[in-house]
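Here are the chains, one letter per residue:
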Amino acid sequence: MDREDLFTLYRRMLLIRRFEERSAEMYALAKIAGFLHLYIGEEAIAVGAIAAIRADDYVISAYRDHGHCLAKGSDPSQVMAELFGKATGLCKGKGGSMHLVDAKRNFMGGYAIVGGHLPLATGLAFAVKYQKRDQLVLCFFGEGAVPSGQAHEAFNLAALWKLPVIFVCENNRYAMGTPITRGIALYSDLAGKVRAHGIQAETVDGMDVLAVRTLMKTVVRKVRAEPQPYFVEATTYRFMGHSMADPAHGHYRTKEEVEEERGRDPLVLLRQTIMNQGLGTEADFKRLEREMSEIVAAAVKFADESPFPARTALEKDVYSE
Amino acid sequence: MLIPYREALNQAMREEMRRDDRIFLIGEEVGHYQGAFKVSKGFVEEFGSQRVLDTPITEAGFTGLAIGAAIAGLHPIVELMTFNFGILALDQIVNNAAKIRYMSGGQLSVPIVIRGPGSAAHQLGAQHSQSLEAWFCHVPGLKVIAPATPHDAKGLLKSAVRDQNPVIFIEAQLLYGTKGEVQEGEYTIPIGQAEVKRQGKDVTIVAYSKMLLLALEVAELLAREGIEAEVVDPRTLKPLDLATITGSVKKTGRLVIVEEGWRFAGLGAQIAESVYAEAFDYLDAPIVRVTGADVPMPYARPLEDAAIPDREGVLAAVRQLIKGGH
């Protein structure tokens, strides 16, 4: 194992973790409003999967999208400014937490109608194939989207036309407050459901960033070599509530369950791997902590000091000229 | 040249697809079947099945796919077999196509045309006979076009394909076979421009799509009674060319709006509100709307006839307006 490589992955996950924690604080301070869905606990999936693709590949996500956007390389300050609704945000304050877009990094957006962005992902892949390019598309969504009609329409078209799109299902077992066992027939075999469309499908431990990346590298190689859709179910757990409006535990899951799952924190797991291999020291992690907290503090400062959009921005960007 | 409406659409798409290979046509039966209404006749032969794509009957899926392709730089034309089925794609049209530009702060554009027939044909029943243009006009981010003549259909479809925004382009089954003069060679008609289809001084009739043909027919009958109606076709419903409509109203002092859609919250209500706001002082009488009945479309012929504006209904509305005025 390569020290630099492991620390790069750890660093990316830590950035997301600290960014999300500060976002929660800013929400409590009413600097961020609306819905805020945190990615805490699920960092290994975005970081592991995006580490397996090229910078010019497309990524598209649902409403829990901060992690994917940051993992794609977006500037944390611009992301935080968007959450604050500021003119300097990625989308000039018009998108918000659920609708981050960074077009120059081919981060094609966060979408907040469950299942609705899977057809868009197949369309990005269609454009790639139509133009005979060799990019591919990573499409992230929760398991709550799997039974939706639009998801299955997208699976069918992607399989029918052999489009280079990798559907990455982040299975955190709860569609808002409804456990998968009460929401999806065949809940124990999501990959099997999608294989029925003629799509190859695998399951991976979404808490293990190395496992995610290893599987994704294999999948990416196959899809790049021969355009086709692929489905990857990454099992995970969100440590926080569905959104900031929802407590981490209480109504639909127990404190004990959340604590048990926190024992498999993806950051802790990678840190243990690094330590066990003798590739890092406490001092290394402390340095990284300091570095990340500086980046996130700078992002908050930037967002806080940035201006709100001018009233004149209201009617701009509705139409292209 | 005198050609049918469907041929005008065919020419518009053909010319544009020859010009720009980012344009592709996607929808149910558009390829090998050549379109449910034969609008895409000969397209697979000319452009191949890579650019003329037959889809499964999954409107949300293929409309969403086209929107995704548009944000990646392609220019899709989506054919809905009818706009009734477009209801299945409303999430994609309303939540994605119309909003992606705004939500992204102008980073992404959605250059897409979603076209197909709206309104009633003959006895197709409640689920296949709807005029839904008001739904689309309500949504910021969409443009909506409903041409009545082959000339307008061709020129406006070419403009729609070149537009960088999502355009809803509403045709009509009963218009596909209607013929009209189309000018030779390359031309486009700007989006957002109404046209005065008939000059008159006594009353303005605003009508679009199929209802324009009815309005012109009624205007000829009124002329025999000495009433000269000016007929204005907005052609584009959003953005609406209010200046042309109010210009006519300022001349005639009276306005009748004819639309096939349901009365309540129909497009005519918006046009009337806009005219009241802009030209109230010029009106000699309240604006009159002739609309479809607020019922699901019945199957039985006499009931269907009663649910759609007809010659007698429009004639009566105009006569009443003239008689009741000054």
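Given the structure is predicted, the values throughout are model-derived calculations rather than measurements.

The rules behind the values
- Residues numbered from 1 in each chain as written.
- Chains lettered and ligands numbered in written order.
- Predicted model: local features only at pLDDT ≥ 70, side-chain atom pairs only at ≥ 80, totals over all residues.
- Heavy atoms only, no water.
- Contact = heavy atoms within 4.5 Å.
- Buried area = accessible area lost by both parts, 1.4 Å probe.
- Salt bridge = Lys/Arg side-chain N within 4 Å of Asp/Glu carboxyl O.
- Polar contact = N/O pair within 3.5 Å; in protein donor to acceptor, adjacent residues only side chain to side chain.
- Helix = DSSP H or I, 4+ residues; strand = E, 2+ residues; numbered from the N terminus.
- Nonpolar A, V, L, I, M, F, W, Y, C, P; charged D, E, K, R; others polar.
- Expected span 1.5 Å × (residues − 1).
- Buried < 20%, exposed > 50% of the residue type's maximum accessible area, 1.4 Å probe, protein only.
- Axes fitted to C-alpha atoms, helices over the stretch in contact; angles between N-to-C directions.
- Parallel < 35°, antiparallel > 145°, perpendicular 65-115°, else oblique.
- Pairing = 2+ DSSP bridges.

Colleague: What am I meant to see in the interface of chain A and chain B here?
Modeller: Contacts between the two partners involve 38 residues from chain A, matched on the other side by 46 residues from chain B. In total, chain A and chain B occlude about 3,300 Å² of area from one another, counting both sides; carbon and sulfur atoms represent 64% of this. Interface area lost by chain A to chain B is led by Y130, Y319 and S320 of chain A, which between them contribute 21%. Connecting chain A to chain B are zero salt bridges. Our count for the contact surface shared by chain A and chain B stands at 23 residue pairs in polar contact (both at pLDDT 80 or more). Residue contributions to the side of chain A that touches chain B peak at eight residues, all from helix α5 (residues 117–130) of chain A. A class-by-class count of the residues in the side of chain A that touches chain B yields 22 nonpolar, nine polar and seven charged.

Colleague: Where do I start with helix α11 (residues 282–305) of chain A in this structure?
Modeller: For the α-helix, the turn length of 3.6 residues means that residues three or four positions removed from each other point alike. All names here are of chain A. Here α11 contains 24 residues, and its C-alpha end-to-end distance of 34 Å stays within 8% of the 34 Å for a straight helix at 1.5 Å per residue. Listed as buried for α11 are D284, F285, L288, M292, V296, A299, V300 and A303. The inward-facing, buried residues of α11 contact α1 (3–28), α4 (76–83) and α10 (266–276).

Colleague: Just checking my understanding: could you explain the packing of helix α3 (residues 59–71) of chain B against helix α5 (residues 90–97) of chain B for this structure?
Modeller: Each pair of packed helices can be described by the angle between their axes along with the distance between the axes. Residues and elements named next belong to chain B. Between α3 and α5, whose axes approach to 8 Å, the crossing angle comes to 25 degrees. As the angle between them shows, α3 and α5 are arranged roughly parallel. Between α3 and α5, the contacting residues are A60, T63, G64 and I67 on the first element and Q92, I93, N96 and A97 on the second. Along the lines of polarity and charge, the residues of the contact of α3 with α5 split into four nonpolar, four polar and no charged.

Colleague: Would you take a moment to explain the sheet that holds strand β1 (residues 58–61) of chain A for this structure?
Modeller: Strands in a sheet are paired, the pairing made by backbone hydrogen bonds, and the direction either parallel or antiparallel. Residues and elements named next belong to chain A. With parallel pairing, six strands are arranged side by side in an open sheet as β2-β1-β3-β4-β8-β7. On the outer flanks of this sheet lie β2 (107–110) and β7 (200–205), each paired with one strand and no other. Pairs of neighbouring strands in the sheet enclose a mean axial angle of 15 degrees, with direction left out of account. Pairing of strand β3 (residues 137–142) with strand β4 (residues 165–171) involves six bridges; the strand directions are parallel. Each residue of the ladder has a partner; that of F141, found in β4, is C169. Of the strands in this sheet, β1, β2, β3 and β4 touch α5, which is tilted by about 175 degrees from β3. Here helix α8 (residues 209–225) sits on the sheet in contact with β3, β4, β7 and β8 (230–235), set at roughly 165 degrees to β7.

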